Every structure is written in C-alpha cells, then in structure tokens.
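Chain residues, written in single-letter form:
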Amino acid sequence: MDSKIRLVPLFTSQQISARIDELASEIGRDYRDSCPLLLGVLKGSFVFLADLARRLDFPVELDFIRVASYGSKLESSGRVKLLSEPVARVKDRHVLMVEDIVDTGLTTDFIGGWLKSKGPASVKLCALLDKPDRRLRPVEVDYRGFVIPDRFVVGYGLDMDEKYRNLPGISVINGE
Ligand code: XMP
Ligand code: MG
C-alpha cells in the first residue's frame, strides 16, 4: 500500500450496520408482498447487498449487473459500459437497484435506462452513499444510507484501484 495515502475513518461498521437496519425496515414496508428483484451493481455493492439482503425478512430474489465507467482512478469519465447483464427476468418484476454510491449519477442513469427498456413493473434505487455535489444527471435515491461530501471514499465494497474493498468501515482517502 502507498505510504503517502492516509485513510480517515468516516463510518464505522457499527454505524453502517445500524443504518442498514433502518433501510431494511423502510424497504420491508414497501416490498414485503411483491418479491422484489434486488439488483446489485458490481462490484462495489457486493458487501452492502449481502448485509442488506440478510436484514430482509420476506421473499426476495437476487441478481447482479456489472458496468464499468472509464476514467482515472478517482474520477468517473462519463462513459458507462454494460459488462454483464442480469440472468433474472426483469420484465414485470419490481426491481430494486442496490448501489454502493451515487456520485455523478451517470452509472445509475445508464442502468435505469437499460432496465426500463426491459419492461419492469417498477424500478427504484437503494444507495448506501449519496455524494450529491458532483451530480450530472438527476437521480432519485429512494432509499439512501448516508449523504457524504465530495470526497473519495473506500471500504465496505468501495475501492481505489481495486484495493480497500475488504475494509469493514468506510474511510476518506487523503494524500492523493
Ligand atoms: P457515478 O459518478 O456514475 O459513480 O454516479 C458511480 C461509480 O463511481 C465510483 N465512485 C466511487 N468509488 N469511492 C469509490 O470507491 C468514491 O468516493 C466514489 N465515487 C464514485 C463507484 O464505482 C460508483 O459505482
Ligand atoms: Mg471503483
């Protein structure tokens, strides 16, 4: 690991866990009887989705969509590409997209457009983190964990150059 990089804790795993309990009860109120398709956006959402799904005490299905947004390691480039589509049927399903973070909104906008072209019954978004300062597309976050300032964060699934995804909490990267 680069010795110039400092990680400054932002949310502990306990804080994240407490917030996910709250999100899970909101989601339960809305989806209890509709067996939603929880659609994790890879790779960043894998930890969040695993924790969130285990808090839901009603039937759900799970699948993943994988996209890449190209750019330097700390910036989205504005170009989003579909790398892998879900196997699950989307048509006539209630789809809940699960994202690690919404930043410019380009990724969410792209996936939302792709999903809507498949004829779902509904599409909503659950994002653990919302970084509204750099938004380029209007995005409605239906279930939001935390709003954060315009800083690059890692941990709990979020990476810098594919590192730090395994950290249990979320930290701000300093020293870049
Ligand atoms: P957009 O800009 O399309 O961003 O809303 C979505 C994707 O950009 C990545 N991203 C981050 N990744 N720490 C990260 O580890 C961050 O602070 C950050 N901000 C944006 C992430 O892949 C997200 O899905
Ligand atoms: Mg990334």
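If you're wondering where the values come from, they're calculated on a predicted model, not measured in any experiment.

Just to check I follow, could you spell out the pattern of salt bridges for this structure?
Summed over the entire model, instances satisfying the criterion amount to 16 salt bridges. We note a salt bridge from R32 to D57, for which the minimum N-O separation is 3.1 Å. With R32 in the loop between α1 (13–31) and β2 (37–42) and D57 in the loop between α2 (46–55) and β3 (61–70), this pair connects stretches of sequence that are 25 residues apart. Here D130 and R135 are joined by a salt bridge, their closest N and O atoms 2.7 Å apart. The exposure class of R135 is partly exposed, given its relative accessible area of 23%. Residues joined in a network through salt bridges with shared partners are K43, D159, E162 and R165.

What's the story with the pairing of β3 in this structure? I'm lost.
Moving residue by residue along a regular strand, the side chains alternate between the two faces of the sheet. In the sheet, β2 pairs with β3 via 6 bridges, with the strands oriented parallel. The residue of β3 that forms the bridge with L39 is D63. Bridge analysis of β3 against strand β4 (residues 79–84) gives 5 bridges, and the strand direction is antiparallel. Counted as the bridge partner of A68 is K81 from β4.

Which parts of the structure should I look at to understand the packing of aromatic side chains?
Any two aromatic rings considered together are summarised by their centre-to-centre distance and by the angle between their planes. In total, this model carries 2 aromatic pairs according to the counting rule given. Here F11 and F146 contribute two aromatic rings whose centre-to-centre distance is 3.9 Å and whose plane-to-plane angle is 20°, an arrangement assigned as stacked. Of the two residues, F11 sits in strand β1 (residues 6–11) while F146 sits in strand β7 (residues 143–147), which places them 135 residues apart along the sequence. Seen from their ring centres, Y31 and Y143 are 6.4 Å apart, and the 55° between their planes marks the pair as tilted. With Y31 in helix α1 and Y143 in strand β7, the pair connects residues that are 112 residues apart, well separated along the chain. Given a relative accessible area of 3%, Y31 falls into the buried group. Look at Y143 and you get buried, because its relative accessible area is 2%.

I keep staring at unusual backbone geometry and nothing clicks. Help me out?
One can expect most non-glycine residues to show negative phi and most peptide bonds to be in trans. Of note, the bond from L42 into K43 is cis; its omega dihedral lies within 30 degrees of zero at 0°. Take K43: it is sitting in the loop between β2 and α2. With a phi angle near 55°, D161 is a residue other than glycine that sits in the positive phi range. Classification of D161 by relative accessible area gives partly exposed; the value is 44%.

Even after reading the chapter, I still don't get the sheet that holds strand β5 (residues 94–102), so can you show me in this structure?
Hydrogen bonding along the main chain pairs the strands of a sheet, whether they run parallel or antiparallel. With mixed pairing, the 6 strands of this open sheet are ordered in space as β4-β3-β2-β5-β6-β7. The strands lining the two open edges of the sheet, one partner per strand, are β4 and β7. Across this sheet, the average inter-strand angle for adjacent strands is 25°, counted without regard to direction. In this structure, β5 lies alongside strand β6 (residues 122–130), joined through 8 bridges in parallel fashion. If you follow V95 over to β6, its bridge partner there is V123.

Any chance you could explain the site of ligand 1 here in plain terms?
In the neighbourhood of ligand 1, 15 residues make up the surrounding shell, with T104, G105, T107, V153 and D159 lying closest. At a separation of 2.5 Å, an oxygen atom of ligand 1 approaches a polar side-chain atom of T107. K131 is positioned such that a nitrogen or oxygen atom in its side chain is 3.0 Å from an oxygen atom of ligand 1. Elements with a minimum of two residues in the shell around ligand 1: β5 and α3 (106–116). The dominant element in the shell around ligand 1, judged by the number of residues it contributes, is β5, at 3 residues. The class makeup of the residues in the shell around ligand 1 is 6 nonpolar, 4 polar and 5 charged.

Rules used throughout
- Residues numbered from 1 in each chain as written.
- Chains lettered and ligands numbered in written order.
- Predicted model: local features only at pLDDT ≥ 70, side-chain atom pairs only at ≥ 80, totals over all residues.
- Heavy atoms only, no water.
- Salt bridge = Lys/Arg side-chain N within 4 Å of Asp/Glu carboxyl O.
- Helix = DSSP H or I, 4+ residues; strand = E, 2+ residues; numbered from the N terminus.
- Buried < 20%, exposed > 50% of the residue type's maximum accessible area, 1.4 Å probe, protein only.
- Pairing = 2+ DSSP bridges.
- Phe/Tyr/Trp six-rings, centres within 6.5 Å; stacked < 30°, edge-to-face > 60°.
- Axes fitted to C-alpha atoms, helices over the stretch in contact; angles between N-to-C directions.
- Near = heavy atom within 4 Å.
- Polar contact = N/O pair within 3.5 Å; in protein donor to acceptor, adjacent residues only side chain to side chain.
- Nonpolar A, V, L, I, M, F, W, Y, C, P; charged D, E, K, R; others polar.

The analysis is restricted to geometry; functional conclusions fall outside its scope.
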